[in-house]
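Residue-level structural notes
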Amino acid sequence: MKKWLTALAALAMVLVLAGCGHFVPIMPGTDPTAGDAPEQDIASPEQEEAFQEQPLMTFVGWDDLAVTYYDDTPVALSVRASGQTFASPVFDRASIIAACDALRSMTVTGRAGEAAPDQDQTVYTLTMADGDTYSVGFSNGALDMYAGSYTVSGGEALWDIPFPCYDEGFDMFDLYFDGNIRAFADNYAADTPISVGRRSNGGATLTSKDPAVVDQAFSLLANARISRVEESPDQNIDLTQTTDYVFTLSDGTYYTFSFAGPCLAVTANADYGTVYYWLDGIDDLPGMTILPESTIPVFGGGALTALRDDIATAQLAAYNELNGITVIGVFVDYTINGQTGYLTLSGDTAAMFVQRVCAINASAETVEPSGEQITISVTLSDGSGPILYFTGDSIQQMVGLNYPCDSAAMNDLRNVILTLSQDENNVGALTGESTG
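Because the structure is predicted, anything quoted here is derived from the model rather than measured.

Cut-offs applied
Residues numbered from 1 in each chain as written. Predicted model: local features only at pLDDT ≥ 70, side-chain atom pairs only at ≥ 80, totals over all residues. Heavy atoms only, no water. Helix = DSSP H or I, 4+ residues; strand = E, 2+ residues; numbered from the N terminus. Buried < 20%, exposed > 50% of the residue type's maximum accessible area, 1.4 Å probe, protein only. Contact = heavy atoms within 4.5 Å. Areas by Shrake-Rupley, 256 points an atom, 1.4 Å probe, with all protein chains shown as cover. Arc of directions from axis to C-beta. Polar contact = N/O pair within 3.5 Å; in protein donor to acceptor, adjacent residues only side chain to side chain. Phe/Tyr/Trp six-rings, centres within 6.5 Å; stacked < 30°, edge-to-face > 60°. Axes fitted to C-alpha atoms, helices over the stretch in contact; angles between N-to-C directions. Parallel < 35°, antiparallel > 145°, perpendicular 65-115°, else oblique. Left-handed = near helix turned anticlockwise from the far one by under 90°. Nonpolar A, V, L, I, M, F, W, Y, C, P; charged D, E, K, R; others polar. Pairing = 2+ DSSP bridges. Patch = residues over 30% accessible without salt bridge, like charges linked within 9 Å, V, L, I, M, F, W, Y side chains within 5 Å. Salt bridge = Lys/Arg side-chain N within 4 Å of Asp/Glu carboxyl O. Lys, Arg positive; Asp, Glu negative; His and termini not counted. Charge placed at Lys NZ, Arg CZ, Asp CG, Glu CD. Expected span 1.5 Å × (residues − 1). Core = buried A, V, L, I, M, F, W, Y, C linked by side-chain atoms within 4.5 Å. pLDDT = per-residue confidence, 0-100.

**As for the overall build of the protein chain**
- Within the protein chain, the regular secondary structure consists of 10 helices and 22 strands.
- Looking at the protein chain residue by residue over its 436 residues, the buried ones come to 40%.
- Excluding contacts between residues fewer than 6 apart, the proportion of contacts in the protein chain whose partners are at least 24 apart in sequence is 66%.
- Only carbon and sulfur atoms are counted for the fraction: they give 50% of the accessible area of the protein chain, which is about 23800 Å².

See the structure below:
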């Protein structure tokens, strides 16, 4: 009797399930019906969940950036245009804030289908000081995410931000995002540099005061066209081969433009690092003659006798005995006992330091240079002043020629430098100096 009751209960359960919907077999390979498979229920468009509009920064998970970018502003904004293999950065705060404002004002309004392939996207990337990045891609004005493409509204200002390589308005000097370098280029005709120098691999700086040579070097740089950003500099260029071009103004201010291999090397932001640009139109720059072949490449004041005259002039200025010409500043770049640093001296401290330096005597003999290096640049109120290069206990004047100095005086000088380095007022960048 119990077996019959159990069988009837099972049959009733089957009938109930059959009445409630399509019967789906539990065991694989079984067919619940002999006829066609049952139709599937398909939801109508009206039954699909409606897309909820929301701010783009919320949609992509950037709510933290949306509330912090004015105070914790990204250090760089870069773009990789559709179809291009490199990203081009800008470093000015106005462009970065404009991009953040534009992204914050965008609203994601709906689905637009499949996301475009990576090569068809324009990708914007914000880089923070700690190296973290925020990237977002667009194609044909739509936001591309891994889950698909989405329509957006607002934020049109993002498309108007100019970038080097992609916008013709940028020249080489704009790449530094430095007002002083921009002014140097714009004021070139009115404040023409008095000299141009070239330094290879950190060696001697060969300098020419010939106006034609200065104009040639500047024109090549000013007319260069920015081609692209090198994405893999450590693989595609020789970073050990460096060339610096140094333009010096009449007041002693100088601007340095550095190349690594064939690429212009620019560090506009230390946190972001150096960017390497390929330039068109500078093929003649490496081969231009800085000094005529008949002259001897020299440092600073020329031959040893001329250097002594320059030092004597600086010494008189340091003691206020030179018709009102005074020492207005000294820049010291040094390595002493393995300690590397630099000093910026002014006022009485600068005058005292020049007095100590000028007391060092150098003989007319020549020696092989050996030891750590100290470079001292003296600026007088008339814009003149010697630049002194010491290696160990010798002073380097001509390329390949070093003159021995008094060892005791050199030890005294090194002690003075280390003492001055303990005062934070003496440590800092040289006013007016800009390097690339």
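**Things to note about helix 5 (residues 179–186)**
- Residues of helix 5 that are buried: Ile181, Phe184 and Ala185. Within helix 5, the buried residues cover an arc of 95° as seen down the axis, which keeps them to one side. Within helix 5, the exposed residues directed more than 90 degrees away from the buried face are Gly179 and Asp186.
- Where helix 5 starts, the residue carrying a side-chain oxygen 2.7 Å from the main-chain nitrogen of Asn180 turns out to be Asp178.

**Digging into unusual backbone geometry**
- Here Cys165, not a glycine, exhibits a phi torsion of approximately 80°, which is positive.
- Structurally, Cys165 is set in the loop between strand 8 (148–153) and helix 5.
- Positive phi, normally seen in glycine, also occurs at Phe177, with a value near 50°.
- Considering the arrangement of structural elements, one finds Phe177 in the loop between strand 8 and helix 5.

**Regarding the packing of aromatic side chains**
- Going through the model one piece at a time under the given rule, you end up with 26 aromatic pairs.
- Here the aromatic cluster, defined as three or more aromatic residues joined through ring pairs, consists of Phe173, Tyr176, Phe184, Tyr188, Phe218, Phe247, Tyr255 and Phe257.

**Looking at the packing of helix 9 (residues 347–358) against helix 10 (residues 407–421)**
- The geometry of helix 9 relative to helix 10 is characterised by a closest axis approach of 10 Å and an angle of 160° between their N-to-C directions. Overall, the two elements helix 9 and helix 10 adopt an arrangement that is roughly antiparallel. Read as a crossing pair, helix 9 and helix 10 show a hand that is left-handed. Between helix 9 and helix 10, the contacting residues are Thr349, Met352, Phe353, Arg356 and Val357 on the first element and Asp412, Leu413, Val416, Ile417 and Leu420 on the second.
- For the contact of helix 9 with helix 10, the residue count by class is seven nonpolar, one polar and two charged.

**Here we look at the sheet that holds strand 4 (residues 107–113)**
- Reading across from one edge, 1-4-8-7-6-5-2-3 is the order of the eight strands in this open sheet, with antiparallel pairing throughout. Looking at which strands have only one partner, the edges of the open sheet turn out to be strand 1 (54–55) and strand 3 (88–90).
- Running over the sheet, helix 4 (residues 93–105) touches strand 2 (76–80), strand 3, strand 4, strand 5 (122–127), strand 6 (133–139) and strand 8 and is turned about 70° from strand 2.

**Side note on a negative patch on the surface**
- Together, Asp71, Asp72, Asp130, Asp132 and Asp271 make up a region of like negative charge exposed at the surface.
- Among the structural elements, Asp72 can be located in the loop between helix 3 (63–68) and strand 2.

**What about the environment of Gly338?**
- Relative to the helices and strands, Gly338 is located in the loop between strand 16 (327–336) and strand 17 (339–345).
- Looking at Gly338, the relative accessible area reads 57%, which means it is exposed.
- Spatially, the C-alpha atom of Gly338 lies 8.0 Å from that of Glu372, the residues being 34 residues apart in sequence.

**A word on the side chain of Thr125**
- Mapped onto the fold, Thr125 is located in strand 5.
- Its relative accessible area of 15% is what places Thr125 among the buried residues.
- Polar contacts involving the side chain of Thr125 include one to the side chain of Ser135, which spans 2.8 Å.

**What about the pairing of strand 6?**
- Judged by how many residues are buried, strand 6 sits mostly within the fold: five of seven residues are covered.
- In this structure, strand 5 lies alongside strand 6, joined through six bridges in antiparallel fashion. The residue bridging Leu126 from the neighbouring strand is Tyr134, located in strand 6.
- Where strand 5 hands over to strand 6, the hairpin turn is made up of five residues, of which Gly131 adopts a positive phi near 95°.
- As judged from the three bridges shared by strand 6 and strand 7 (residues 142–145), these two strands associate in the antiparallel manner. Each bridged residue has a counterpart across the sheet, and for Ser139 the counterpart in strand 7 is Ala142.

**Brief notes about the pairing of strand 2**
- Summarising burial for strand 2: four of the five residues are buried, a large majority.
- When strand 2 meets strand 5, the two strands line up antiparallel, connected through five bridges. Across the sheet, the residue bridging to Arg80 is Val123, located in strand 5.
- Relative to strand 3, strand 2 runs antiparallel, the two being bridged by three bridges. When the sheet's bridge partners are listed, Val79 is paired in strand 3 with Ser88.

**Notes on helix 10**
- Counted at 1.5 Å a residue, the expected span for helix 10 with its 15 residues is 21 Å, and the 21 Å between its end C-alpha atoms agrees.
- Among the residues making up helix 10, those that are buried are Ala409, Met410, Leu413, Arg414, Val416, Ile417, Leu418, Leu420 and Ser421.
- Considering only its buried residues, helix 10 is in contact with strand 16, strand 17, helix 9, strand 18 (373–380) and strand 19 (387–391).

**A look at the nonpolar core**
- Among the nonpolar cores identified, the biggest contains 68 residues, and Leu103, Phe247 and Phe257 are the most heavily contacted of them.
- Excluding residues that lie within four positions of it along the chain, Phe247 makes contacts with Phe184, Pro193, Ser195, Val196, Val214, Ala217, Phe218, Leu221, Thr253, Tyr254, Tyr255 and Phe257.
- Counting residues in hydrophobic clusters, the runner-up holds 36 residues, among them Ile311, Cys358, Ile360 and Val378.

**Structural notes on the confidence of the model for the protein chain**
- For the protein chain, the average pLDDT comes to 83, and 82% of its residues sit at 70 or higher.
- Per-element confidence in the protein chain is highest for strand 3, whose mean pLDDT is 98, and lowest for strand 22 (residues 434–435), whose mean pLDDT is 36.
- When the criterion is pLDDT under 50, residues 429–436 qualifies, and its contacts beyond four places in sequence or with other chains add up to 22 contacts.

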